[in-house]
Amino acid sequence: MGSTNVRGLSHLKLVSILEQEEFDVLCLQETWMAEHAAPLLLKGYKILEQRRPTGARGGLATYVRNSLHIESTTGNEYCLQVKLKLPNSQRVNIANVYMPPASSLAKRDITEAHATAQLEHALEGIQPQLLTILCGDFNARIGTLTPTLDTTHPVRTACDAHVCPRAKWLMYICNLY
């Protein structure tokens, strides 16, 4: 599985990403696809998209290999969530997230509280008993904050000590899922 912010999706970028690594699932953020543009199809993959309803930029795309069964999808401009059934019958939740910087939200007259609530709403369908992969671009610097995953994971260390206002919310979301 792979995840990257493409800052504008093109066929060339898509092929370049897949030449480096073979992915069963590829989550892309900031696709910048126009509302009525044709999706960039890729042989051997199903594509799920969530485009920004107004304004430029933003957008999410999740490419899923045809051999994987998509059970359900939900989403909005901040999150594209898919539940997959793998060939071994295991089920997994994958949430592809793009949360714009607070300054970008403000330019569109969207509050941080509204955007985070919309993302949380898209995540509500996640079944907590299933493996959940939460990936994407949260535009959050968490500095030295440490999630409380469990005792088997090593303590997280960071060179970047900066903690942005969104950081504690991100840790809360990570602890939920």
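Provided above is the structure to which this section pertains.
Predicted, not measured: the structure shown is a model, and the values here were computed from it.

Participant: Looking at this structure, I do not really get the environment of glutamine 20. What am I missing?
Facilitator: Within the secondary structure, glutamine 20 sits in helix α1 (residues 11-20). Sequence spacing of glutamine 20 and arginine 7 is 13 residues, and the spatial spacing of their C-alpha atoms is 18 Å.

Participant: Just to check I follow, could you spell out the side chain of asparagine 76 for this structure?
Facilitator: One can find asparagine 76 in strand β5 (residues 69-76). Its relative accessible area of 12% is what places asparagine 76 among the buried residues. Within polar-contact distance, the side chain of asparagine 76 engages the backbone nitrogen of tyrosine 78 at 2.9 Å. A polar contact of 2.7 Å, which involves the side chain of asparagine 76, links it to the backbone oxygen of glutamine 118.

Participant: Can you walk me through the sheet that holds strand β8 (residues 131-137) in this structure?
Facilitator: Strands belonging to one sheet form pairs held by backbone hydrogen bonds; the direction of such a pair is parallel or antiparallel. Judged by pairing direction, the sheet is mixed, and its four strands sit side by side in the order β5-β6-β7-β8 without closing on themselves. The sheet is open, and its two edges are formed by β5 and β8, each paired on a single side. Within this sheet the neighbouring strands show an average axis-to-axis angle of 15°, counted without direction. As paired elements, strand β7 (residues 91-98) and β8 share seven bridges and run parallel to each other. Residue isoleucine 94 lies in a different strand from β8, and its bridge partner there is isoleucine 133. On the sheet, helix α3 (residues 112-123) packs against β5, β6 (79-85), β7 and β8 and is oriented at approximately 160° with respect to β5.

Participant: Which parts of the structure should I look at to understand helix α4 (residues 167-176)?
Facilitator: One turn of an α-helix holds 3.6 residues; hence residues three or four places apart share an orientation. Residues Ala167, Trp169, Leu170, Met171 and Ile173 constitute the buried set of α4. In the core, the buried residues of α4 are packed alongside α3 and β8.

Rules and cut-offs
- Residues numbered from 1 in each chain as written.
- Predicted model: local features only at pLDDT ≥ 70, side-chain atom pairs only at ≥ 80, totals over all residues.
- Heavy atoms only, no water.
- Helix = DSSP H or I, 4+ residues; strand = E, 2+ residues; numbered from the N terminus.
- Buried < 20%, exposed > 50% of the residue type's maximum accessible area, 1.4 Å probe, protein only.
- Polar contact = N/O pair within 3.5 Å; in protein donor to acceptor, adjacent residues only side chain to side chain.
- Pairing = 2+ DSSP bridges.
- Axes fitted to C-alpha atoms, helices over the stretch in contact; angles between N-to-C directions.
- Contact = heavy atoms within 4.5 Å.

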